[in-house]
Amino acid sequence: AQRVTQPEKLLSVFKGAPVELKCNYSYSGSPELFWYVQYSRQRLQLLLRHISRESIKGFTADLNKGETSFHLKKPFAQEEDSAMYYCALSGQSSSNTGKLIFGQGTTLQVKP
Amino acid sequence: DAGVTQSPTHLIKTRGQQVTLRCSPKSGHDTVSWYQQALGQGPQFIFQYYEEEERQRGNFPDRFSGHQFPNYSSELNVNALLLGDSALYLCASSSFGHLYGYTFGSGTRLTVV
């Protein structure tokens, strides 16, 4: 079964502390993994995807196929990082193109 | 470019009624996907439309149906509403076959009483 698990509903850190938002997935094949973010009163938007291997707003995520994980990391949290973060998966077969499977989301709260 | 536009933003319906939600995709996008987001949960895929046809469908009953028009806009219809259908309904548009340009709307908050 295709599934994305985000074990923490809430992660609370102080400004300047490192952040790691956990994401584990279950998929038989080669998935494409994404992190989406939703800031307060804004719409869901793409933060980064594993294929691009880029750093966005200081966040990075590495796909670990052995552990089936795609954790989101940032070395120094900022107050403006406070938001809801969703990990999402898509299969690479043509039949799965365009369908995203989301985790339940983790609320990141960065305290001053 | 207004991005993805959804209407209405909120509505309240009575159990057993029918509802239609609307979505206009971002300019240049030809594919529309619909998601249901219950409170405290991540979005769940309902279905996707491309070239006016349903291309993929998630695990939702036939009460959920949709349509795509020649201008790429889309409607989501839900019949025989249940209390459990209360949720935020999100529309996302993209170019067919490409997920990196996936753009979400702000959603329609449906409350069934």
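Residues numbered from 1 in each chain as written. Chains lettered and ligands numbered in written order. Predicted model: local features only at pLDDT ≥ 70, side-chain atom pairs only at ≥ 80, totals over all residues. Heavy atoms only, no water.

### Section: the overall build of chain A
When you go through chain A residue by residue, the secondary structure sums to 0 helices and 11 strands. If you list the helices and strands of chain A from N to C, you get β-β-β-β-β-β-β-β-β-β-β. Against the compact-globule benchmark of 13 Å for 112 residues, chain A has a radius of gyration of 14 Å, which places it among compact chains. Its C-alpha atoms give chain A principal-axis dimensions of roughly 45 × 30 × 25 Å. Buried positions account for 45% of the 112 residues belonging to chain A. At a minimum sequence separation of 6, the contacts of chain A that also span at least 24 residues come to 59%. A total of about 5,600 Å² of accessible surface is found on chain A, and carbon and sulfur atoms cover 48% of it. (Helix = DSSP H or I, 4+ residues; strand = E, 2+ residues; numbered from the N terminus. Rg over C-alpha atoms; globule rule 2.2 N^0.38 Å. Buried < 20%, exposed > 50% of the residue type's maximum accessible area, 1.4 Å probe, protein only. Contact = heavy atoms within 4.5 Å. Areas by Shrake-Rupley, 256 points an atom, 1.4 Å probe, with all protein chains shown as cover.)

### Digging into the pattern of salt bridges
What the rule picks out here adds up to 8 salt bridges over all chains. Residues A:E20 and A:K22 are paired through a salt bridge, measuring 3.0 Å at the closest nitrogen-oxygen approach. For A:E20, a relative accessible area of 28% gives the class partly exposed. Since its relative accessible area comes to 28%, A:K22 is described here as partly exposed. Here B:R55 makes a salt bridge to B:E51, at a shortest N to O gap of 3.0 Å. B:E51 gets classed as exposed once you look at its relative accessible area, which sits at 52%. (Salt bridge = Lys/Arg side-chain N within 4 Å of Asp/Glu carboxyl O.)

### With respect to the pairing of strand β11 (residues 106-111) of chain A
All names here are of chain A. Alternating positions in β11 separate cleanly, T106, L108 and V110 being buried on one face and T107, Q109 and K111 remaining unburied on the opposite face. One ladder, built from 5 bridges, connects strand β2 (residues 10-14) with β11; its direction is parallel. Of the residues in β11, the one forming a bridge with S12 is Q109. (Pairing = 2+ DSSP bridges.)

### Let's talk about the interface of chain B and chain A
Counting from both sides, the interface comprises 21 residues of chain B and, opposite them, 18 residues of chain A. For the chain B and chain A pair, buried surface summed over both sides reaches about 1,700 Å², with 52% attributable to carbon and sulfur atoms. At the boundary of chain B and chain A, one finds 0 salt bridges. At the surface where chain B touches chain A, the tally comes to 6 residue pairs in polar contact (both at pLDDT 80 or more). Only β4 (31-37) and β5 (44-50) of chain B provide two or more residues apiece to the side of chain B that touches chain A. (Buried area = accessible area lost by both parts, 1.4 Å probe. Polar contact = N/O pair within 3.5 Å; in protein donor to acceptor, adjacent residues only side chain to side chain.)

### Quick notes on the environment of B:L11
Residue and element names in this part refer to chain B. Inspection of the secondary structure assignment puts L11 in strand β2 (residues 10-13). C-alpha of L11 to C-alpha of L82: the two residues are 71 residues apart in sequence and 14 Å apart in space. When sequence neighbours within four positions are dropped, the list of residues in contact with L11 reads V19, L21, T108, R109, L110 and T111.

### As for the sheet that holds strand β3 (residues 19-21) of chain A
All names here are of chain A. Judged by pairing direction, the sheet is antiparallel, and its 3 strands sit side by side in the order β3-β8-β7 without closing on themselves. The open sheet has two free edges, formed respectively by β3 and β7 (60-61), since each of these has just one partner strand. Both β7 and strand β8 (residues 72-74) contribute to a ladder of 2 bridges, which runs antiparallel. Within the sheet, the bridge partner assigned to T60 lies in β8 and is K73.

### Observations concerning the confidence of the model for chain A
On average, chain A scores 90 in pLDDT, and the residues at 70 or more come to 95%. Confidence, read as mean pLDDT per element, is least for strand β6 (residues 45-49) of chain A in chain A (91) and greatest for β11(A) (98). (pLDDT = per-residue confidence, 0-100.)

### Looking at the layout of surface pockets
If you add up the space inside the largest pocket, you get close to 380 Å³. Lining the largest pocket we find 20 residues, and of these A:Q38, A:Y86, B:Q37, B:L88 and B:R109 sit closest to its centre. Per-class residue counts for the lining of the largest pocket are 6 nonpolar, 10 polar and 4 charged. Size it by volume and the second largest pocket reaches roughly 280 Å³. Every residue lining the second largest pocket is counted, 16 residues in all, and those nearest its centre are A:I101, A:F102, B:P43, B:Q44 and B:F45. Listing elements by their share of the lining of the second largest pocket, those giving two or more residues are β1 (3-5) and β10 (101-102) of chain A together with β5 of chain B. In terms of residue class, the lining of the second largest pocket is built from 7 nonpolar, 7 polar and 2 charged. (1 Å grid on protein atoms, 1.4 Å probe; cavity = no way out; pocket = protein on both sides within 12 Å on 5 of 7 lines; lining within 4 Å. Points joined across faces, edges and corners; volume = space filled by probe spheres on them. Nonpolar A, V, L, I, M, F, W, Y, C, P; charged D, E, K, R; others polar.)

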